[in-house]
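# Chain and residue survey
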Amino acid sequence: MERILNYVNGTLRPALGGGWLAGHEPATGQVFAEIADSDAADVEQAVQAAEHAFPAWNALGRQGRHDALMRVADLVERDLDLFARAESRDNGKPVHLAHEVDIPRAVANLRFFATAILHWGSEAHLMDEVALNYTERQPVGVAGAISPWNLPLYLFTWKIAPALAAGCTVVAKPSEVTPWTAFLLAERCIEAGLPPGVLNILHGTGPKVGAAITAHPRIPALSFTGGTATGARIAATAAPMFKKLSLELGGKNPVLVFADCDFEHMLNVTMRSSFRNQGQICLCGSRILIERPLYERFREAFVARAKALRVGDPALEDTDLGAVVSEAHMEKVLGHIALAKQEGGRVLCGGERVRLDGRLRDGWYLQPTVIEGLDQQCRTNQEEIFGPVVTLQPFDREEEAVAQANATPYGLASVVWTRDGQRMHRVARALKSGIVWVNCWMVRDLRTPFGGMKQSGVGREGGVEALRFFTETKNVCIRL
Ligand code: NDP
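Criteria and cut-off values
Residues numbered from 1 in each chain as written. Predicted model: local features only at pLDDT ≥ 70, side-chain atom pairs only at ≥ 80, totals over all residues. Heavy atoms only, no water. Helix = DSSP H or I, 4+ residues; strand = E, 2+ residues; numbered from the N terminus. Rg over C-alpha atoms; globule rule 2.2 N^0.38 Å. Buried < 20%, exposed > 50% of the residue type's maximum accessible area, 1.4 Å probe, protein only. Contact = heavy atoms within 4.5 Å. Areas by Shrake-Rupley, 256 points an atom, 1.4 Å probe, with all protein chains shown as cover. Pairing = 2+ DSSP bridges. Axes fitted to C-alpha atoms, helices over the stretch in contact; angles between N-to-C directions. Phe/Tyr/Trp six-rings, centres within 6.5 Å; stacked < 30°, edge-to-face > 60°. Core = buried A, V, L, I, M, F, W, Y, C linked by side-chain atoms within 4.5 Å. Domains from an automatic or database assignment. Parallel < 35°, antiparallel > 145°, perpendicular 65-115°, else oblique. Left-handed = near helix turned anticlockwise from the far one by under 90°. Nonpolar A, V, L, I, M, F, W, Y, C, P; charged D, E, K, R; others polar. Salt bridge = Lys/Arg side-chain N within 4 Å of Asp/Glu carboxyl O. Polar contact = N/O pair within 3.5 Å; in protein donor to acceptor, adjacent residues only side chain to side chain. 1 Å grid on protein atoms, 1.4 Å probe; cavity = no way out; pocket = protein on both sides within 12 Å on 5 of 7 lines; lining within 4 Å. Points joined across faces, edges and corners; volume = space filled by probe spheres on them. Disulfide = S-S within 2.5 Å.

## Some words on the overall build of the chain
Within the chain, the secondary structure is distributed over 15 helices and 25 strands. Here the C-alpha radius of gyration of the chain, 23 Å, is about what a compact globule of 480 residues would show, namely 23 Å. Considering only C-alpha atoms, the chain reaches an extent of 65 × 65 × 40 Å along its principal axes. Within the chain, the fraction of its 480 residues that count as buried is 58%. At a minimum sequence separation of 6, the contacts of the chain that also span at least 24 residues come to 74%. About 18,500 Å² of surface is accessible on the chain, with carbon and sulfur atoms providing 54% of the total.

## Side note on the sheet that holds strand S13 (residues 253-257)
Pairing in this open sheet of seven strands is mixed, and the strands run S15-S18-S19-S14-S13-S21-S22 from one edge to the other. Because the sheet does not close on itself, it has two edges, and the strands there are strand S15 (346-349) and strand S22 (435-438). In this sheet, neighbouring strand axes are inclined to one another by 25° on average, regardless of whether the strands run parallel or antiparallel. Pairing of strand S18 (residues 369-372) with strand S19 (residues 389-395), which is carried by four bridges, proceeds in the parallel orientation.

## Things to note about the packing of aromatic side chains
Going through the model one piece at a time under the given rule, you end up with nine aromatic pairs. Considering the side-chain rings of tryptophan 149 and phenylalanine 386, the 5.4 Å spacing of their centres and the 70° angle between planes classify their relative orientation as edge-to-face. You can see tryptophan 149 sitting in the loop between strand S8 (142-146) and helix H5 (152-166) and its partner phenylalanine 386 sitting in the loop between helix H12 (379-382) and S19, a full 237 residues away along the chain. For phenylalanine 386, a relative accessible area of 16% corresponds to the buried category. Ring centres of phenylalanine 275 and phenylalanine 302 lie 6.0 Å apart, and the angle between their planes is 25°; this geometry places the pair in the stacked category.

## Section: the nonpolar core
Counting residues in each nonpolar core, the largest one holds 111 residues, and the members touching the most others are Leu283 and Phe302. With eleven residues, the top contributor of residues to this core is H5. Of the residues that make up this core, three or more belong to each of domain 1 (2-249 + 456-479) and domain 2 (253-446). In contact with phenylalanine 302, other than residues within four places in its own chain, are Leu267, Thr270, Met271, Ser274, Phe275, Ile288, Val370, Val390 and Leu392. By size, the runner-up hydrophobic cluster in this structure holds 21 residues, among which are Ala50, Ile146, Val171 and Leu202.

## Considerations on the packing of helix H3 (residues 80-91) against helix H4 (residues 95-119)
Running from N to C, H3 and H4 cross one another at 115°; their axes reach a closest spacing of 8 Å. Here H3 is positioned roughly perpendicular relative to H4, judged by the angle of their axes. Classified by chirality, the crossing of H4 by H3 is right-handed. Note on element contacts: H4 touches H3 through Val95, Ala98, His99, Asp102, Ile103 and Pro104, opposite Leu80, Asp81, Phe83, Ala84, Arg85, Glu87 and Ser88. In the contact of H3 with H4, the residues fall into seven nonpolar, two polar and four charged.

## Considering the domain arrangement of the chain
Segmentation of the chain into domains returns domain 1 (2-249 + 456-479) and domain 2 (253-446). For domain 1 and domain 2, the distance between their C-alpha centroids amounts to 30 Å. Facing the 33 residues of domain 1 at the interface are 31 residues of domain 2. Summed over the shared surface of domain 1 and domain 2, the number is one salt bridge. Of the charged contacts in the structure, one is a salt bridge between arginine 359 and glutamate 25, with a shortest N-O distance of 3.7 Å. For the interface between domain 1 and domain 2, the tally reads 13 residue pairs in polar contact (both at pLDDT 80 or more). Mapped by element, the contributors of at least two residues to the side of domain 1 that touches domain 2 are strand S4 (20-25), H3, H4 and H5. At nine residues, the largest contribution of residues to the side of domain 1 that touches domain 2 is made by H4. Split by residue class, the side of domain 1 that touches domain 2 holds 14 nonpolar, 15 polar and four charged.

## As for the sheet that holds strand S1 (residues 2-4)
The sheet built from three strands is open, its strands ordered S1-S5-S4 with mixed pairing. Two strands lie at the open edges of the sheet, namely S1 and S4, each paired on one side alone. Neighbour-to-neighbour, the strand axes of this sheet turn through a mean angle of 35°, independent of strand direction. Judged from the six bridges that link them, S4 and strand S5 (residues 30-36) form a sheet pairing that is antiparallel. For tryptophan 20, the partnering residue across the bridge sits in S5 and is alanine 36. On top of the sheet, H3 reaches S1, S4 and S5; it is set at about 100° to S4, its chief contact.

## Regarding empty space enclosed by the protein
Applying the stated criterion to the full structure yields five cavities of 30 Å³ or more. Of the volumes computed, that of the largest cavity is approximately 140 Å³. Forming the boundary of the largest cavity are 16 residues, of which Tyr154, Leu155, Cys282, Leu283 and Phe450 lie nearest the centre. The residue makeup of the lining of the largest cavity, split by class, is eleven nonpolar, two polar and three charged. Residues lining the lining of the largest cavity come from more than one domain, with at least three contributed by each of domain 1 (2-249 + 456-479) and domain 2 (253-446). Estimates place the volume of the second largest cavity at around 110 Å³. Along the wall of the second largest cavity there are 15 residues; nearest its centre are Gly279, Cys284, Ser286, Phe386 and Gly387.

## Here's the deal with the state of the cysteines
Throughout the structure, instances matching the rule amount to zero disulfides. Cysteine 282 provides the cysteine sulfur closest to cysteine 284, a residue in no disulfide bond, and the two sulfurs are 8.3 Å apart. The buried category is assigned to cysteine 284, whose relative accessible area is 6%.

## Observations regarding the pairing of strand S7 (residues 131-139)
Moving residue by residue along a regular strand, the side chains alternate between the two faces of the sheet. A one-sided burial pattern is seen for S7, the buried positions being Ala131, Asn133, Thr135, Arg137 and Pro139 and the unburied ones Leu132, Tyr134, Glu136 and Gln138. When strand S6 (residues 124-127) meets S7, the two strands line up antiparallel, connected through four bridges. Bridged to histidine 125 within S7 is asparagine 133. With antiparallel pairing between neighbouring strands as the criterion, S6 and S7 make up a hairpin whose turn holds three residues, including aspartate 128 at a positive phi of roughly 40°. Bridge count for S7 against strand S25 (residues 471-479) is nine bridges, and the pairing is antiparallel. The residue bridging proline 139 from the neighbouring strand is threonine 471, located in S25.

Spelled out as structure tokens, the structure:
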């Protein structure tokens, strides 16, 4: 049995209350870990450690913080195999996916922000002979970070790396469903000599630990990634306290396929944007809109490819889809498929739970599912499903496709497939989403702002925006 301990003031320890939660392995449905069940008392202790560590962490300067974060990144990279297997065991995703994408991107987050802080300048404004203004940016103090289960270490480091680089100390909570890689990270922080209290990692449930971080009066900035309903609860608590708040929330992302696209390339990438990580990426495209002349060809090829995907043991190299993250989540996705049928949707493939053999027989596996015949106003196309489920719908005109794409409360990401250069820009401008990928998907330059519009979030992270988020801006005006 693995033991997932808190990391507070540089040491690994159980929750103060002594309680434990059960950690499940999605591939087998079995309990494999016990997880510290922390509460508000642990949050208070972690905040005190972070406050104590703050002056010295700042005094280290940019170079010192850079060096410390780079040492942590090197150790995660050294143990990439271990991290990838842990993430797969926690989350159900194929090991090869964690190995190729999640863990290397987590390392890149640490290195990117460690380096970015070295190059981060501030502005000066000279008012002729009257005055000199310069902008000073100081770390806000103790930052809070709360992250979800779908890309556990990647999203965890996406929050803590800019906060630490900017000079904040941090109290962070990974999802209780997937805590293992954050625990392994804590061990590497100790090995790297990160000063005690600079990063504190608390495990436990959202309503206990997450809510206590959100409500803590001495955590002035909070970076959250998760569902829109949770984000709304967090905003309701944080707003009257005037906390800085970054919310990266859910999505219902459209994929617009125009008839002039490079069909084979589009098809390869759209398979990934639909089913990668069992469809549990906030950026997955779940509503595929196809220009009518291409519709039949697309449907035939897409369904054939979806049927050929291998759902299986996450440990195997040739597995395309592993298990979904929990039994509750599997039931939620199956409930959405049942709803789609009630709404008049035709299931073209999939729609069922997959039962594997042997030790995997109780694992939480789902078939990749393709549905057609639903308009964009139905619940299936309005609500985030967050599983291996996509809908197909034809369109006749570009404006119609854009209107359908924009017709949800979400605005996280969109994908456009076309070879027409003018259309690329026209459609990208008209789409209401924080990121528009044209002829690609999930290509990320960490210098660019990232985040959603509408109910997909507020605040843009990425690049200097993330460093800015964790600092207070001050103007100093000197009379000349
Ligand atoms: P949740 O909102 O359920 O949880 C996210 C985090 O918040 C978890 O650590 C959770 O803890 C914690 N939490 C739960 N309740 C509270 C609370 N009352 N106060 C404070 N914290 C709380 O999301 P999921 O983990 O289910 O993640 C999936 C969601 O995340 C999807 O909607 C997805 O779209 C979104 N997401 C958005 C991304 C983006 O960049 N916009 C990227 C990735 C995912 P615990 O798990 O322990 O309960």
